[in-house]
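Coordinate inspection notes
If you want the building blocks of each chain, they are given just below.
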Amino acid sequence: MIRAATPADVPVLHAMIRELAEYERALEEARASEEQLRDALFGPHPAVFALIAESDDAADGGAVAGPEVVGFALWFRNFSTWTGTHGVYLEDLYVRPQSRGGGHGKALLAELARICVERGYERFEWSVLDWNAPSIAFYKALGAESMDEWTVRRLSGEPLRALAALAQSDENPNRPTSLSI
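Residues numbered from 1 in each chain as written. Predicted model: local features only at pLDDT ≥ 70, side-chain atom pairs only at ≥ 80, totals over all residues. Heavy atoms only, no water.

Counting secondary structure elements, the protein chain contains 5 helices and 7 strands. Sorting the 181 residues of the protein chain into buried and exposed places 30% on the buried side. For the protein chain, the share of sequence-separated contacts (at least 6 apart) that also reach a separation of at least 24 residues comes to 56%. Total accessible area computed for the protein chain in this model is approximately 12,400 Å², and 54% of it derives from carbon and sulfur atoms. (Helix = DSSP H or I, 4+ residues; strand = E, 2+ residues; numbered from the N terminus. Buried < 20%, exposed > 50% of the residue type's maximum accessible area, 1.4 Å probe, protein only. Contact = heavy atoms within 4.5 Å. Areas by Shrake-Rupley, 256 points an atom, 1.4 Å probe, with all protein chains shown as cover.)

As structure tokens, this is what we get:
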């Protein structure tokens, strides 16, 4: 079953984000706290959204314990200046190893595709690590095309602060007087 995340899901979402970071060989980079995640998802101005995949197969000593959270998709809206429409950018898709192959990942992606179509969004995009062959094969089987001619660029840490300092400089004649988002 796929459903929207609730504030009660934040601890398990946080745990799965850390599991994903470990799988992607970057656990030390996963520094977000539960509070940051709660604020981003459920604060006064939500910036991201999450879907939860649940399995009814949870069992404890043979007794059914109820639905178990087995995966998630965390996404946000983006915008295409070429199409003039919003789209969905999938930041993270994760299904716990013991639940892979059960259709949860496909169901999460299908729900995001449904959201795109329902809202008139023309693009559904995400990134995948080039060494993650199982995920690449999965996405290919769904018909997702590789955008090989595009290369992701990122500023963070000191380079980000250095570029920001240029905008904050009193010597910058193009500095905006105020800008709020």
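We now examine a nonpolar patch on the surface. Nonpolar side chains collect at one region of the surface, where Leu 155, Leu 160, Leu 163 and Leu 166 lie side by side and expose about 380 Å² of accessible area between them. Within the secondary structure layout, Leu 163 lies in helix H5 (residues 157-168). (Patch = residues over 30% accessible without salt bridge, like charges linked within 9 Å, V, L, I, M, F, W, Y side chains within 5 Å. Salt bridge = Lys/Arg side-chain N within 4 Å of Asp/Glu carboxyl O.)

Here the focus is the pairing of strand E2 (residues 49-55). With respect to burial, E2 is a largely interior element, 6 of its 7 residues being buried. Where strand E1 (residues 2-4) meets E2, 3 bridges bridge the pair, whose relative direction is antiparallel. Bridge pairing in E2 places Ile 2 opposite Ala 53. As defined by bridge partners, E2 adjoins strand E5 (residues 68-80) across 7 bridges and the pair is classed as antiparallel. Across the sheet, residue Ser 55 finds its bridge partner in E5, namely Glu 68. (Pairing = 2+ DSSP bridges.)

Of note, Arg 25 is a non-glycine position whose phi angle comes to about 65°, a positive value. Looking at the secondary structure, you find Arg 25 in the loop between helix H1 (10-23) and helix H2 (34-42). Accessibility expressed as a relative area gives 61% for Arg 25, which makes it exposed.

Below, the discussion takes up the nonpolar core. Ala 73, Leu 93, Leu 108 and Leu 112 are the most contacted members of the largest nonpolar core, which totals 16 residues. Looking at this core, the elements with two or more residues in it are E2, E5, strand E6 (85-95) and helix H3 (104-119). For this core, the leading source of residues is H3, giving 5 residues. Those residues in contact with Ala 73 that sit more than four places away from it in its chain are Phe 49, Ala 50, Leu 51, Leu 90, Asp 92, Leu 93, Leu 108 and Leu 112. Listed in part, the 15 residues of the second largest apolar core include Ala 5, Val 10, Ala 50 and Phe 72. (Core = buried A, V, L, I, M, F, W, Y, C linked by side-chain atoms within 4.5 Å.)

Across the sheet, which stays open at both edges, the 5 strands sit in the order E1-E2-E5-E6-E7 with mixed pairing between neighbours. Strands at the two margins of the open sheet, each flanked by one partner only, are E1 and strand E7 (123-126). Across the sheet, the mean angle separating the axes of adjacent strands is 30° when strand polarity is ignored. (Axes fitted to C-alpha atoms, helices over the stretch in contact; angles between N-to-C directions.)

Further remarks concern the side chain of Asn 78. Looking at the secondary structure, you find Asn 78 in strand E5. In this structure Asn 78 comes out as buried when scored by relative accessible area, which is 19%. At 3.4 Å, the side chain of Asn 78 and the side chain of Glu 125 are in polar contact. Contacts of Asn 78, omitting those with residues within four sequence positions, involve Thr 85, His 86, Gly 87, Val 88, Tyr 89 and Glu 125. (Polar contact = N/O pair within 3.5 Å; in protein donor to acceptor, adjacent residues only side chain to side chain.)

Centre distance and the angle of the planes are the two values used to describe a pair of aromatic rings. This model, assessed by the stated rule, comprises 7 aromatic pairs. Ring pairing ties together the aromatic residues Phe 124, Trp 126, Phe 138 and Tyr 139, which thus form one cluster. (Phe/Tyr/Trp six-rings, centres within 6.5 Å; stacked < 30°, edge-to-face > 60°.)

The values reported here are purely geometric and, on their own, carry no functional implication.
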